[in-house]
Amino acid sequence: MSFELKAFNQFFIDYQQRFIRFACSYVHDEVIAEDFVIESMMYYWENKDRLATDTNIPAYVLTTIKHKCIDYLRHKQIHQSASDEISELYSWELSRRIVTLEDFEPHDIFTKEIQEIVDKTLDSLSEQTKRVFTMSRYENKSHKEIADLLGMTTKGVEFHISKAIRVLRLALKDYLPVSLLFFYF
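These numbers come from a predicted model, not from an experiment.

Details of the nonpolar core
When a protein is soluble and globular, its nonpolar side chains tend to lie buried together.
Okay, step 1: In this structure, Phe 19, Val 27, Met 41, Val 61 and Ile 65 are the most contacted members of the largest nonpolar core, which totals 17 residues.
Okay, step 2: Only helix H1 (3-27), helix H2 (30-47) and helix H3 (57-103) provide two or more residues apiece to this core.
Okay, step 3: In this structure Val 27 touches Ile 32, Ala 33, Phe 36, Cys 69, Tyr 72 and Leu 73, once residues within four positions along its chain are discounted.
Okay, step 4: By size, the runner-up hydrophobic cluster in this structure holds 15 residues, among which are Val 118, Leu 122, Leu 125 and Phe 133.

Given below as structure tokens:
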């Protein structure tokens, strides 16, 4: 083993734990701190020939560890900030749903105007589509029951319901809470 390698091994033994404690005091994760120390010491070893002969090696390695810790903490800060924003957005959206639901009056669902739009829209559909949709939404029949009664497949029933929903969704676009009742499978 060369003198240079022996000196590096001794340096590693002398400083490893101190450097780990230093890094851990900032990153609060011993495994990450150990990784940073090993990476920094390897970085020093790989670049030792480019350094000035009077380079303070412990300070050089500690500076590398410091920068790794800073990068790690900045990344955590960005992650935390994004997480906080997502949490804030979710909280706002949840509050919006609560307010909307609190303001929702069930007796307003079937106002004359909305019912007229629904009736007119259903009348514009083919007889088969109208019948399937009416049986599903007004008579509360299952897809299988409708299929059996009309002599079609459940996929055919789903097709007609989807078709009716698309047309109703467009007709009721200004009445979102109402349209949700019709569009929910």
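A look at the side chain of Ser 40
Okay, step 1: By secondary structure assignment, the location of Ser 40 is in helix H2.
Okay, step 2: Those residues within four positions of Ser 40 in sequence are excluded, and the remaining contacts are Val 61, Thr 64, Ile 65 and Lys 68.

Some thoughts on the packing of aromatic side chains
Okay, step 1: In total, this model carries 12 aromatic pairs according to the counting rule given.
Okay, step 2: Members of the aromatic cluster, each reached through a chain of ring pairs, are Phe 8, Phe 11, Phe 12, Tyr 15, Phe 19, Tyr 43, Tyr 44, Trp 45 and Tyr 60.
Okay, step 3: A cation sits over an aromatic face here: Lys 48 above Trp 45, 3.9 Å from the ring centre.

Rules and cut-offs
- Residues numbered from 1 in each chain as written.
- Predicted model: local features only at pLDDT ≥ 70, side-chain atom pairs only at ≥ 80, totals over all residues.
- Heavy atoms only, no water.
- Core = buried A, V, L, I, M, F, W, Y, C linked by side-chain atoms within 4.5 Å.
- Buried < 20%, exposed > 50% of the residue type's maximum accessible area, 1.4 Å probe, protein only.
- Helix = DSSP H or I, 4+ residues; strand = E, 2+ residues; numbered from the N terminus.
- Contact = heavy atoms within 4.5 Å.
- Phe/Tyr/Trp six-rings, centres within 6.5 Å; stacked < 30°, edge-to-face > 60°.
- Lys NZ or Arg CZ within 6 Å of the ring centre and 35° of its normal.

So far we have only geometry, and geometry alone does not tell us how the molecule works.
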